[in-house]
Amino acid sequence: MSRQRIVAFLTALAVAVGLAILVPMASTASAATCASAWSSSSVYTGGQTASYNGHNWSAKWWTQGETPGAASVWADAGSCDGNSGGSTGGSCDYPAWVAGQNYVAGNIVKYTNGAFYIATHDNPGYDPTISTWYWSSYSCSGGGGGTTPPSGGGFVVSEAQFDQMFPSRNSFYTYSGLTAALSAYPGFATTGSDTVQKQEAAAFLANVDHETGGLVYIDEIDKSGNYCASESYGCPAGTYSYFGRGPLQISWNFNYKAAGDALGVDLLDNPSLADTDPAISWKTALWYWDTQTGPGTMTGHNAMVNGAGFGETIRSINGSVECNGGYPGEVQDRVNDYESFTAILGVPAGNNLSC
């Protein structure tokens, strides 16, 4: 009997006795490899990808802190294997991050948003999404991949422009110190269009110029004030140790405490770090700019990126004293600085300049 007849005979026999014929199925295409884990502290621009909950996601436009799957800025690019950034499955199996728990360099934790982080320095449980010097994002494939700190070439203000803005500055206020501090708040001067980014940088530096007399003063002139409020953590560095320091003249024990906690630096016990370490000094100013509303209703960062205007940044820094006709000369000095700096950067000053 020929081979073909044998196959036909066996097939007919199988059908007759009710046996299932096993037909080889085409192999299913494997899922795509997961991109680097999504991080709430990282900035993503249109076309960049990140993985979260077993899927790759593609950013439609600039975003930071908006969770893939819950925000329209993200497009689902399909499932992926390896689960680099997901909160379920994959090869990552690390303990949840616990605030206040001591970690040593090399510890890997799972944050509340499902992303993973690896400790780059020992720390007493600092928040991985805020204290970026102590933590970097971690993918399940074993690679760290957090936001790359901007270099001097990545800042919208060049060193030459910085020198032009502050020709008589104190040597303490280095350009390298400023650019080193940018990693603490990666959304600063990177949000929105090129014009908006430069306007924010100009607004921040204009207020800095006013607060420090052109980056001349590191500490406030009169250090005799008592900036020790009756908080539970007290004033361990001394009652009169919390005077204004740095580019935005951070003052009061509670501000040193809050800034230190956010930056992963013990400023409550060591407030002098704000006037002896250039990067930390700049970071205290960026902390206030990005996170504090002061007497205003929004942060300086939000005022500029959301179009509220330079006047709202004055209100957040010293609005209770200067705004609403308090000290119009002081307000105008800030506005003059801002208009000068936007001109140096080649962008319009925009509207709502005064408060």
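Each remark here, short or long, concerns the structure printed above.
Residues numbered from 1 in each chain as written. Predicted model: local features only at pLDDT ≥ 70, side-chain atom pairs only at ≥ 80, totals over all residues. Heavy atoms only, no water.

Help me understand unusual backbone geometry, please; the structure alone is not making it clear to me.
Glycine aside, the phi torsion of most residues is negative, and most peptide linkages are trans. Here the phi dihedral of alanine 189 falls at roughly 55 degrees; this positive angle occurs in a residue that is not glycine. By the secondary structure assignment, alanine 189 is in the loop between helix H3 (175-181) and helix H4 (194-212). Owing to a relative accessible area of 2%, alanine 189 belongs among the buried residues under this scheme. Even without a glycine there, the phi angle at asparagine 324 is positive, about 60 degrees. For asparagine 324, the location among the structural elements is in the loop between helix H8 (310-322) and helix H9 (328-345). (Helix = DSSP H or I, 4+ residues; strand = E, 2+ residues; numbered from the N terminus. Buried < 20%, exposed > 50% of the residue type's maximum accessible area, 1.4 Å probe, protein only.)

Would you mind showing me how to read the packing of aromatic side chains here?
Where two aromatic rings form a pair, the distance of their centres and the angle of their planes describe that pair. Taken as a whole, this structure holds 16 aromatic pairs when the rule is applied. Above the face of the tyrosine 233 ring, lysine 257 is positioned so that its terminal group lies 5.7 Å from the ring centre. (Phe/Tyr/Trp six-rings, centres within 6.5 Å; stacked < 30°, edge-to-face > 60°. Lys NZ or Arg CZ within 6 Å of the ring centre and 35° of its normal.)

Explanation requested: the environment of isoleucine 118 in the structure shown.
Within the fold, isoleucine 118 resides in strand S8 (residues 116-119). When its relative accessible area of 21% is taken as the criterion, isoleucine 118 is described as partly exposed. Along the primary structure isoleucine 118 and isoleucine 108 are separated by 10 residues, whereas in three dimensions their C-alpha atoms are 4.3 Å apart.

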